Amino acid sequence: MTNNDPKALAQQAATRIAELSGVAKHDIALTLGSGWGKAAELIGETVAVMDAAEVPGFRSSGVVGHSGTLTSIRLANGKHALIIGARTHLYEGHGVRSVVHGVRAAAAAGAEIMVLTNGAGGLKLEHTPGRPIIINDHLNMTALSPIEGANFVDLTNLYDAELREAARSVDPTLAEGVYVQMPGPHYETPAEVRYLAQAGGDAVGMSTTLEAIAAREAGMRVLGFSLITNPGAGLAADPLSHAEVIEVGKASEGALGELLAGVVAKL
Ligand code: 8IG
């Protein structure tokens with residue numbers, strides 16, 4: 001039955017997205033995390049803004065700074081982008097299937113490239129707040145997988161080298177790094193931040209790795225960016241605050257939007 005089959009639910013969502021937008025195939029999909037919201041206006045011409053509540057499998061987000069819409073955008077080259085503005089986080093408690101539904105719906109809608117963005121804490125002092133980094137690998141610290149059953153998916157080159165190269169060609173000053181997904185919703189302890197840095201992490205957040213795995217399973221190529229919004233716990237004198245995260249995100253929005261617009265034009 002559809003309710004118990006994530007792929008069938010994703011297919012239903014794709015059918016509804018095509019109906020609501022009038023766009024039969026979306027070529028590329030983007031999930032915009034904290035600070036990345038403005039990109040939607042900058043990458044092309046908005047064709048349709050869909051209420052996620054009208055699309056099967058989506059739930060409206062309860063987090064301030066996260067919207068609950070899907071936006072269909074026509075790029076200058078005539079291709080179509082689907083912006084998934086309705087991300088479900090693992091910490092909401094609805095399970096991994098809900099977390100990766102947007103990615104699967106995008107794949108079913110025809111998207112071959114999945115661009116995942118997030119706001120994150122910096123695990124090393126060289127990553128200063130307000131700067132984006134290109135994700136080149138990840139540490140999935142959720143102890144979960146979106147894949148169910150004996151499907152041993154390879155995750156080598158998960159964050160596609162060619163797409164990273166395209167991103168660097170837009171902004172050669174962009175650093176690359178390893179993104180760590182923690183379950184949240186609490187932030188790390190200072191000891192955890194030291195541990196994750198020693199383990200090879202550069203940025204830490206509460207999204208993206210499960211979505212990247214689902215995208216790979218669905219045959220998509222993945223490009224990921226983290227906006228560093230705060231130093232990881234213990235790296236700076238102040239405690240972490242969600243308000244600070246939102247503030248840095250807002251201040252960076254224009255530049256991030258331009259970056260994504262430039263990147264999308266090259267894909
Ligand atoms: I924005 O420092 C943002 N999201 N786990 N830690 C974790 N998630 C985050 C952080 C952070 N900053």
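Predicted model, so just to flag it, every value in this text is computed and none were measured.

Colleague: Quick one: what's the story with the environment of isoleucine 73, residue by residue and with numbers?
Modeller: Among the structural elements, isoleucine 73 can be located in strand E3 (residues 69-74). Isoleucine 73 gets classed as buried once you look at its relative accessible area, which sits at 0%. Every residue in contact with isoleucine 73, bar those within four places of it in the chain, is listed here: Ala40, Ile43, Gly44, Glu45, Thr46, Val47, Lys79, His80, Ala81 and Ile83.

Colleague: How would you summarise the pattern of salt bridges if you had to cite specific residues and measurements?
Modeller: Proximity of charged atoms lets side chains of opposite charge pair with each other. According to the stated counting rule, one finds 16 salt bridges in the structure shown. One salt bridge in this structure joins glutamate 112 and lysine 25, with 3.0 Å as the shortest N-O distance. Separated by 87 residues along the polypeptide, glutamate 112 in the loop between helix H3 (96-108) and strand E5 (113-122) and lysine 25 in the loop between helix H1 (6-21) and strand E1 (28-31) bring together distant segments of the chain. According to the relative accessible area criterion, lysine 25 is partly exposed, its value standing at 35%. A salt bridge links arginine 164 to glutamate 176; the nearest nitrogen and oxygen atoms lie 2.9 Å apart. Highlighted residues: arginine 164 in helix H4 (residues 161-170) and glutamate 176 in strand E7 (residues 175-181), separated in sequence by twelve residues. Residue arginine 164 is classed as buried on the basis of its relative accessible area, which comes to 14%. Among the charged side chains, a network of salt bridges with common partners joins Arg164, Glu165, Arg168 and Glu176.

Colleague: Explain the site of the ligand to me, and be specific about the residues and the numbers.
Modeller: Every residue close to the ligand is listed here: Gly119, Ala120, Gly121, Tyr187, Glu188, Val204, Gly205, Met206, Thr229, Asn230, Leu240 and Val245. One of the backbone N or O atoms of glycine 121 is found 3.2 Å from a nitrogen atom in the ligand. One nitrogen or oxygen atom from the side chain of glutamate 188 is found 2.6 Å from a nitrogen atom belonging to the ligand. Relative to its free-state accessible area of 320 Å², the ligand is covered by the protein chains to the extent of 95%. Sorting the residues of the shell around the ligand by element identifies E5, strand E8 (203-205) and strand E9 (221-231) as the ones contributing at least two each. Considering each element in turn, the shell around the ligand owes the most residues, three residues, to E5. Tallied by class, the residues present in the shell around the ligand amount to six nonpolar, five polar and one charged.

Colleague: Which residues make up unusual backbone geometry, and what values do they have?
Modeller: A cis amide bond, omega 0 degrees, links glycine 184 with the succeeding residue proline 185. One non-glycine residue with positive phi stands out, namely alanine 143, at about 60 degrees. On the secondary structure map, alanine 143 appears in the loop between strand E6 (132-140) and H4. According to the relative accessible area criterion, alanine 143 is exposed, its value standing at 75%. Phi angles above zero are rare outside glycine, and threonine 208 is one such case at about 75 degrees. Within the secondary structure layout, threonine 208 lies in the loop between E8 and helix H6 (209-217).

Colleague: With reference to specific residues and values, describe H6.
Modeller: The periodicity of an α-helix, 3.6 residues per turn, causes residues three or four places apart in sequence to face the same way. By the criterion of burial, H6 is predominantly enclosed, with nine of the nine residues buried. Among the residues of H6, Thr209, Leu210, Glu211, Ala212, Ile213, Ala214, Ala215, Arg216 and Glu217 are the ones counted as buried. Just downstream of H6 lies glycine 219, where phi reads positive at about 90 degrees.

The rules behind each value
Residues numbered from 1 in each chain as written. Predicted model: local features only at pLDDT ≥ 70, side-chain atom pairs only at ≥ 80, totals over all residues. Heavy atoms only, no water. Helix = DSSP H or I, 4+ residues; strand = E, 2+ residues; numbered from the N terminus. Buried < 20%, exposed > 50% of the residue type's maximum accessible area, 1.4 Å probe, protein only. Contact = heavy atoms within 4.5 Å. Salt bridge = Lys/Arg side-chain N within 4 Å of Asp/Glu carboxyl O. Near = heavy atom within 4 Å. Polar contact = N/O pair within 3.5 Å; in protein donor to acceptor, adjacent residues only side chain to side chain. Areas by Shrake-Rupley, 256 points an atom, 1.4 Å probe, with all protein chains shown as cover. Nonpolar A, V, L, I, M, F, W, Y, C, P; charged D, E, K, R; others polar.

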